Structure formats: structure tokens, C-alpha cells
Amino acid sequence: MDELKEKNNAMNTLLILVILIPFFKPDIVASFPKINYIFNIWIIISFGIIMITYFKKLRISKLVLLYLLYNIILLFSTLKNKGNVLKLILDLSLNMGIIMAVEIYLKNNKIKLFGVLSFIFYALTILNTISFIMFPKGFAVTEYLKTPIYLLGIDNRFSFMYIPGICIISIYDMMKNKKLTKLTKAYFIITFTTFVYFWSAGALVAESLFIIYYVFIYKLKYKHLTNKYFPVIMVSFVGIVILRVQNIFEFFIVDILHKDLTFSSRTKLWDRTIKIINNNKILGTGIQKSEFTIKSISAYHAHSHFLNIMFQSGILGVGIYIYIVFEAFNRLNKFKESRIAQIVSFTLFVLFIMLTVDTFDITANLFLIICIGFNISRLKEVEE
């Protein structure tokens, strides 16, 4: 009887793993069209299985409705501007799939879900480390700058896998061991060392914040910052991207830090993007092919997450998107006594501060953390 139970558990874990793997497609896959095609089919099949299971077991959640509404606006804008509908469908499958999967498994298989997710993040991180050690010139190179592409993409994009990974593994550690153990610390050391190796300044600063979190928030049980994160994110976006308050600190940034006020020419991209937004205020331009964005703003994206959302879906879309982020932080703040809620809210804070001057490539990772924030009450039950 026990053997049968163990086999069933093992099969159930394997099934979750097979369903979830495509949602964490390594960036290098995009460089190989045939493999990329297989992964895209895999994502759609997994999404189909998840969606059928979701509607059988659960009622539609607020997050699913909000994200669906956002995508309806995006679809209307994409059709109106003759954009890339296929990419929209793939992005929808990716993000809605991970949202629904998390909500399904949080109901009945919480620890198993985070065990599988921890395995995925650890495996991808270790394989990525092997990839840049064995192939320092990468498996491929970017089209224009010829930057090496490793398993998880170019080196300054690793953080979009590593930082959500720290959050997931920390949650699993706290659920299993009631504290952060060597499991989390080892992952932090591996990822931090990688950023030092490549000297990815932005990622290093972002991950260094977790040292501050561990020492001053986790250890001291300081919980009164959770309601400050969202306002700081919004002020940073409006202040830096829209109002350009960094110009006030020209002496410090240019003369002391020897950095330019354009954030490596990002302000020029922002100006071009804002100009296009002004001509497409309500609905944006929709999801477009790379050729369109390169021609219109001289880059693949706006290099600022909320600005890119506004570029694609206008005021209507960005309004819904910002409300989704606000609601995640609001729910996390209601459970600020929880260590798990604190690590999730801090992770979202770090990610969105990074995204002030960048755009998230691996969006399923972002919506994974947002969805956990929306459903924090289920994890609080486990913690207790």
C-alpha cells in the first residue's frame, strides 16, 4: 500500500514537472527555430491541459479575470494595428498557463509545487553555469552586437531567472524547514558569484539587496516596509523615466560615478517611445514584430517595463497592469507578519525597481511571483 502511494506521488510529481517545464523555456532555445517550435507546441499543449483542469476544479480568480481583460485590450490593439497575433497568443499561453497552474496546485499540492519549481530553477541555474564555463563564447551570438548567448541568454538577462529563483527556493525552504537553510544560501552564492564573474552591475546591485533583506528584515523580523514598496516603484518609474529627476544629480552621476545621464542611451529610447505613445494613447500599438519596434524606437523594446506595457496597450492596458501589481502588493501587505509574504513582496520590489530601466524577457517568471502574491493566504496556512 505504501509502495503504491509512493509510486502515485512520484508519478504526480513527474506530471507536474512535465507540464511546467515549457513555461521556463531557456532563452537559447529561441536561437534554434526547430527546437523553439517544439517548445511552443509544448507550451500550448500544457496550457490546454492546465486550462481544462482549472475550469473543472476552480472558479475564475480575480487575477485570471484581470489578466484576461488586459489581453483583450492588447488583442484589440494588435488586430487594429495589424500586429503579431501569434506572439500575443504564445505570451498569453505562457503567462495565463503559469497563473492557472499555480492556483491549481496551491489548492492541493503546495509543497509539491514548490519542490518541482525549486528543482527547475536549480537545474536551469546549474546547467547555465556549466554552459558559460564550457562554452565561454556562447552557443550562439546576438544579431547586432554579437554578444554570447548561453543557456539562459546573454549574461545581463540571467537575473530574470535567478531573482525569481531565490524567491521560490526560499519559500520552499521555509515551508519545509521553517527557516532559510543551506538550500537557499547555496543558490544565492551560485547566482551572486555568476554576477560577479560577468560583472553585471545592475544584477549585482539587485541581488545584493537580498543581503540587506536577510540581515535587516528577515533576521530582525522587520515587517513595516511591505506597504512602501509599491509607492517607491511608481515614484521611481515616473521620476526617472517620465520626469528625468536624475538630471538633478548630474554632478554625482557624471563626475563622481563616471556614468552618463542617458542610462546607456535609454533616455533616447524612452523619448521615441513616448512620442509613439502620444499618437496611440488609448490602446497603444499592440504586439508588433521586431522589425516594427526596431524601425520605430531603434530597439526590440522600450527598456522600461511599464513604458513598454503602455507602448503596446495604451493607457487602458497599463492601467489594468498597474492595478494587478498594486493588488499583489496589497494582499501581501495584509499578511506582512508572514515571512513568506515578506520575501515575495521584497522580490517583487527588487524586480520592478530593475524594470524601471529594463523590460522583462521571461514574463512567466514575473507572473509566477505576482500570482503567489495574489494567493498568499494559501501559503500563510502552510506557514502556520
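Please refer to the structure higher up on the page.
Residues numbered from 1 in each chain as written. Predicted model: local features only at pLDDT ≥ 70, side-chain atom pairs only at ≥ 80, totals over all residues. Heavy atoms only, no water.

Caption draft 1: Here's a closer look at the overall build of the protein chain. Secondary structure summary: the protein chain contains 16 helices and 2 strands in total. Within the span of the protein chain, comprising 384 residues, buried residues form 52% of the whole. Put simply, of all contacts in the protein chain between residues at least 6 apart along the chain, 75% involve residues at least 24 apart. Only carbon and sulfur atoms are counted for the fraction: they give 67% of the accessible area of the protein chain, which is about 18800 Å². (Helix = DSSP H or I, 4+ residues; strand = E, 2+ residues; numbered from the N terminus. Buried < 20%, exposed > 50% of the residue type's maximum accessible area, 1.4 Å probe, protein only. Contact = heavy atoms within 4.5 Å. Areas by Shrake-Rupley, 256 points an atom, 1.4 Å probe, with all protein chains shown as cover.)

Caption draft 2: Main features of unusual backbone geometry. We note that K82 has phi near 55 degrees; this positive angle belongs to a residue other than glycine. Residue position: K82 is located in the loop between helix 3 (62-80) and helix 4 (85-108). Residue K82 is classed as exposed on the basis of its relative accessible area of 75%. For H303, which is not glycine, the phi dihedral falls at a positive 60 degrees. Structurally, H303 is set in the loop between helix 12 (290-297) and helix 13 (305-334).

Caption draft 3: Looking closely at helix 6 (residues 159-177). Taking 1.5 Å per residue, 19 residues should reach 27 Å; helix 6 reaches 26 Å between its end C-alpha atoms and fits that length. With respect to burial, helix 6 is a largely interior element, 17 of its 19 residues being buried. K178, located one to two residues past helix 6, shows a positive phi value of around 65 degrees. (Expected span 1.5 Å × (residues − 1).)

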